[in-house]
Structure formats: C-alpha cells, structure tokens
Amino acid sequence: MSASRRSGATDELGPDEPGEPGGSDLLAALLDGMDAALCAFDADGVVTHWNREAERILGWTAAEAVGRHGFAGWAVRSADAEEVQARLLSAMRAPGRQVHEFALVTKGGGRVLVRTQSAAVRGPDGKPAGVYCAFSEVHAQIDLERSIALSEALFEDASWGVVLVDADLRPAVVNAHAARALGVGRTSVLGRPLGELLARGVEELEGALTHVLAEGAPPAPADMWVTVRAPEGEKRRCWRSGFLRLASPLAEEPVPLGVGWLFEDVTEAKQGEQEAALLRFRTNQLHRAARAAAECEDPAEAATVHLDFALAGFADHALVDRVADRPRAEGTDGPGPVRLVRLAATPAGAPGPSLLTGAAGLPLRYPEGHPALQCVERGGTVRADAGSVSAQRAREWALERQWPGDAVHALCVVLRSRGRTLGAVTFLRGSGRSRFERSDTAYAEDVAVRIATALDLAETLRDRPETRAP
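Residues numbered from 1 in each chain as written. Predicted model: local features only at pLDDT ≥ 70, side-chain atom pairs only at ≥ 80, totals over all residues. Heavy atoms only, no water.

Undergrad: Account for the environment of Leu-457, naming residues and giving values.
TA: By the secondary structure assignment, Leu-457 is in helix H13 (residues 438-463). Residues Leu-457 and Ser-417, spaced 40 residues apart in sequence, show a C-alpha to C-alpha distance of 9.5 Å. (Helix = DSSP H or I, 4+ residues; strand = E, 2+ residues; numbered from the N terminus.)

Undergrad: Please give an account of the nonpolar core that cites residues and values.
TA: In terms of nonpolar packing, the biggest core is built from 32 residues, with Phe-314, Val-320, Leu-415, Val-425, Phe-427, Ile-451 and Leu-455 touching the most fellow members. Within the residue set of this core, elements represented by two or more residues are helix H9 (267-293), helix H10 (299-311), strand S12 (317-323), strand S13 (340-345), strand S16 (409-417), strand S17 (420-429) and H13. Broken down by element, the residue count for this core peaks at eight residues, all from H13. Counting 29 residues, the second-largest nonpolar core is a separate cluster that includes Trp-60, Ala-65, Phe-71 and Ala-91. (Core = buried A, V, L, I, M, F, W, Y, C linked by side-chain atoms within 4.5 Å. Buried < 20%, exposed > 50% of the residue type's maximum accessible area, 1.4 Å probe, protein only.)

Undergrad: Just give me the short version of the sheet that holds strand S5 (residues 128-137), but keep the residues and values in it.
TA: One open sheet accounts for five strands, arranged S2-S1-S5-S4-S3; its pairing is antiparallel. Strands with a single pairing partner mark the edges of an open sheet, and in this sheet they are strand S2 (47-50) and strand S3 (98-105). Neighbouring strand axes in the sheet, compared pairwise and without regard to direction, differ in orientation by 30° on average. Where strand S1 (residues 37-42) lies against S2, three bridges are found, and the strand directions are antiparallel. (Pairing = 2+ DSSP bridges. Axes fitted to C-alpha atoms, helices over the stretch in contact; angles between N-to-C directions.)

Undergrad: How would you sum up the pattern of salt bridges? Please name residues and give values.
TA: One pass over the full model with this rule turns up 23 salt bridges. For Glu-400, the salt bridge goes to Arg-401, with nearest N and O atoms at 3.5 Å. When salt bridges with common partners are traced through the structure, they connect Asp-223, Arg-240, Lys-270 and Glu-273 into a single cluster. (Salt bridge = Lys/Arg side-chain N within 4 Å of Asp/Glu carboxyl O.)

Undergrad: Could you give me a rundown of the packing of aromatic side chains, with the residues and numbers involved?
TA: By the definition in use, this model includes 13 aromatic pairs. Geometrically, the ring pair formed by Phe-41 and Phe-71 is edge-to-face, given 5.3 Å between the ring centres and 70° between the ring planes. You can see Phe-41 sitting in strand S1 and its partner Phe-71 sitting in the loop between helix H4 (62-65) and helix H5 (78-89), a full 30 residues away along the chain. Considered together, Phe-41 and Phe-71 belong to a single accessibility category, that of buried residues. Ring plane angle 70° and centroid distance 5.1 Å describe the contact between Phe-314 and Tyr-443, whose orientation is recorded as edge-to-face. Taken together, the residues span a long stretch of sequence, with Phe-314 in the loop between H10 and S12 and Tyr-443 in helix H13 at a distance of 129 residues. (Phe/Tyr/Trp six-rings, centres within 6.5 Å; stacked < 30°, edge-to-face > 60°.)

Undergrad: Can you explain H5? Please cite residues and give values.
TA: Compared with an ideal rise of 1.5 Å per residue, which puts 12 residues at 16 Å, H5 spans 17 Å between its outermost C-alpha atoms and is within 8% of the ideal. By the burial criterion, the buried members of H5 are Asp-80, Ala-81, Val-84, Gln-85, Leu-88 and Leu-89. Projection of H5 onto a plane perpendicular to its axis shows the buried side chains occupying an angular sector of 145°, all on one side. Turned more than 90 degrees away from the buried face of H5, the exposed residues are Ala-79 and Glu-82. Of the surrounding elements, those touching the buried residues of H5 are S1, S3, strand S4 (111-122) and S5. (Expected span 1.5 Å × (residues − 1). Arc of directions from axis to C-beta. Contact = heavy atoms within 4.5 Å.)

Undergrad: Outline unusual backbone geometry, supporting the account with residue identities and numerical values.
TA: Notably, Leu-169 is not glycine yet its phi reads approximately 65°, a positive angle. Here Leu-169 shows up in the loop between strand S6 (161-166) and strand S7 (171-174). The backbone of Gln-402 sits at a positive phi, close to 60°, despite the residue not being glycine. Mapping Gln-402 onto the fold places it in the loop between helix H12 (391-400) and S16.

Undergrad: Quick rundown of the sheet that holds S16? Include the residues and the values.
TA: Taken in spatial order, the six strands make up an open sheet running S14-S13-S12-S17-S16-S15, and their pairing is antiparallel. Either end of the sheet is taken by a strand with one partner, and the two such strands are strand S14 (355-356) and strand S15 (382-385). As defined by bridge partners, S15 adjoins S16 across four bridges and the pair is classed as antiparallel. The residue bridging Arg-383 from the neighbouring strand is Leu-411, located in S16.

Undergrad: Go over helix H8 (residues 202-215) with me, naming the residues and quoting the values.
TA: Between its terminal C-alpha atoms H8 stretches 20 Å, which fits the 20 Å expected from 14 residues at 1.5 Å a residue. Turning to H8, its buried residues number three or more, namely Val-202, Leu-205, Ala-208, Leu-209, Val-212 and Leu-213. Burial along H8 is one-sided: seen end-on, the buried residues are contained in an arc of 135°. Exposed residues on H8 whose side chains face more than 90 degrees from its buried face are Glu-203, Ala-214 and Glu-215. The first or second residue beyond H8 is Gly-216, which carries a positive phi of 105°.

Undergrad: Describe in detail the pairing of S3, supporting the description with residues and values.
TA: Pairing geometry for S3 and S4, over eight bridges, is antiparallel. Along S4, the bridge assignment pairs Phe-102 with Val-114. With antiparallel pairing between neighbouring strands as the criterion, S3 and S4 make up a hairpin whose turn holds five residues, including Gly-109 at a positive phi of roughly 95°.

Undergrad: How would you summarise the packing of H9 against H10 if you had to cite specific residues and measurements?
TA: Interhelical geometry of H9 versus H10 gives an angle of 155° and a closest axis separation of 9 Å. Between H9 and H10, the angle is such that the two are roughly antiparallel. Two packed elements cross with a definite hand, and for H9 against H10 that hand is right-handed. Between H9 and H10, the residues in contact are Gln-285, Arg-288, Ala-289, Ala-290, Ala-292 and Ala-293 and Ala-302, Val-305, His-306 and Phe-309, respectively. Tallied by class, residues from the contact of H9 with H10 come to seven nonpolar, two polar and one charged. (Parallel < 35°, antiparallel > 145°, perpendicular 65-115°, else oblique. Left-handed = near helix turned anticlockwise from the far one by under 90°. Nonpolar A, V, L, I, M, F, W, Y, C, P; charged D, E, K, R; others polar.)

Undergrad: Quick one: what's the story with the side chain of Glu-53, residue by residue and with numbers?
TA: Summarising the element assignment, Glu-53 is placed in helix H3 (residues 52-58). According to the relative accessible area criterion, Glu-53 is buried, its value standing at 18%. A distance of 2.7 Å separates polar atoms of two side chains, one belonging to Glu-53 and the other to Arg-56. Apart from the residues within four sequence positions on either side, Glu-53 is in contact with Met-34, Asp-35, Ala-36 and Ala-37. (Polar contact = N/O pair within 3.5 Å; in protein donor to acceptor, adjacent residues only side chain to side chain.)

Set out below in structure tokens:
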C-alpha cells in the first residue's frame, strides 16, 4: 500500500489527465520523498496518510497505520492517547500551525520524543476537512536549530572574522568583525575580488582557498600576513586563519559551494614573538662575538670579529671608518674639517669576513653632508635611505656616497671610547630588506661600543713605546 489511501485521493487532486501520472501516485511520490515524517487525519481522526519517514522513525508501515483511528493503542500510550488526540485535532479550529512535543511509541515498544507541527486541511467549501501533522525527532530538530543559531551567532556576534567565499573566490557572506578588519561595509564587500580588498597577501590567501576547494580543510590554522587597504593608509596584519570546505547536503555527491574562512587578528602577538626571537638571536650573537674577540691577539682583528658577528641577519655590508688627524684650518687656530680613513670593510662582491684596509692612511673623499661625516660631527646615530626611486637612481645614490651599488638603507653609528670620538661604523642593507628601525639602532649602538673599545685598545698598544717597532 502506498503512503496514502487509494480511495478518495484522486478525487481531491482531480481526475487523471491522459498521458500524465495518476494524481494519487504523484501525491504518494511527493509524500515519500519528504525529509520530514508526515501523517494526516480526516475530520473524524482517522489516519489517511503516512509517509516513509514516519515509517523510519516509528517502525509502523503505511499499511499498518492508514485507517486507524488516532494513535490510541499503537503509536502512543493509552494514558496519553486522549491528550495527544485532542492536541492534534485542535489544529482544525486554530489559525495557522500548532507546535507540540510529546512521546510516540515505536513498533518495537520504544518511545521517541517528537516535535510536531500541525495545521488544518480545508475542503472545497473552506471548512476543516482534517489535519496534517509533520513531525521529527526532537534531538534532530534541536540539532537543526543549534546549527541555525550557530550560523546566526557567527555572523552577528562572533569575536573573530567569518567570511563565506563562493567557488569563484568572492565573498558571499561577511560578518561584522570581518568587515571591520577589511575596512569596508558588510554589503559593499560582497562579490568583490579579494585583490580589491587586500594590497598584499592576496595570492597566498587565494591559493589557500583554492586548495581547500580541491582538497578539503587543512589540519591546522595558518598564519597569513596581509596588507589591508584602509582610509588612513595600508596596514600590515597577521590573521590566524582556519578554512572549511562547504558542500551541498542535497546532492548525492559532495558539490563544493565555497569555503568558510574564519580568522583572528594575531598581529600584536606575532610581532611580540618575532621581536623576542630577534632579541634572543642578537643577544647570542653579541655573546659569541665577545668570546671570539677575546681570543684575538690583535685588538683591530677583534673589532672585525664584532663586525662580522653583527652582520648575520642584520645587514648586507658594513664599513668602519676612523677619524684621521685633523690639520689646522688655514687662518685659524682650530682644527680643520673632519676626515675619515677606511679601517675595515666587508667584501663588496661576495660574502666573506671583514678585511682590514686603509694601511696607507689616505682620507676618504666623502662629499659634504655625508651620513658618516654627520655621525662623527654630531656624535650620534644617522639613518639614510635612497627612498622610492628607480633601481638605477638608487644605485647612483649609493655610489655617490662611496657605498656598494646595491645599498638602499644606511645606518651610521658613532664610535666612542673614553670620551673620544674614534670614527663611525656604517651598516648597509639592500632593497630586499626593510629600513632600519629603532630596535636596529639600539643593537647597532651596542655593537659600535664593542668595536670602539677594541679600536681604542689597538691605538693604545700602538702608541706605547715598548710596542713600537725599533
């Protein structure tokens, strides 16, 4: 027997048309294809319809259910039968749908708590002709409601960003937190390419989304550095991101609908970790340099040891210039302009240890206003940058200052010991590195103190009578 009684169903749907499926067969197919359990009662409370989902939940077949009067004696306990019958049939006299919860009895004798939605069925004259009742297990309904509530909470109140990206890698739904992080409104972001929202990092993000669409969710979150376009300028942020592939539950085979992207801004924590790691590394370098320099017989060689250890991860080139004897200025009793002599330098062509130079003592032809000269004259640190110029102009900028041609960032630190200015050490970075920051300056000054101490000791030993050559 089908999910509906053969007698009467065709009359309600109308006569079968030639060449078309029978009305009762169509109704039975529709009812059996529903995901929810459904039964119906006529005005006297007799079961007229019973679909396959109702059979799955309770175990009673359509043949066993259709034609029974109410649920008494088979689908509910006798003590509850009258109350359940009254609550179901009350929908014929009430407007809209009625929602109830009660326990039904399975064919095996077990009990299932269900949630029902019932409403009146109207006849041709508009009067109630019966009641239909759709029901599902309460735990399944609660799971559905929780899923809906979770989705709504994520897109309204979540303290991290949530973005649903479609299969074309365009945002389809964005929560308030994500919109603030992207610096745009929730509606204006929809459907726009990610490249319009992010200045940098979009390639890595799109690669991750494409991977998730093809392979599924990664096993762990990923930290992604992106640059966001904001009204006040570009901001570099680190987002700890998790990804979920979204597939349609209605398809026989999983069909990707897009990707769920959840992220949290961890920029400050990440920067703190990086700064702590950098500080540990630089502290270790200073310690190792001090131990290596202590083994050098020549203090000048110890100065180059400090220079070499400082370069690791810090700069591409380094130069040490000492102050030459300053002749008296013409017509005055004071000294002339500052002159510097190259004492040590890293190889310009290939990496290698610093080399002691300047044995001839010839002054460097630094132009007026050179950063190293400013550093010595002021007794403080000077920073210089080529700026946003072409590669050719940056090379000219470096060569004009007698630095290697690939230098675009410079940091000149004064060498002082026992209250005297001995010279300057210059650290240079290429275009692949960032400009020198305040933390870099503090580290360079620590290195400069050690180099200055070694050079001061070298001069002292050289000037002692017992160390002079006969």
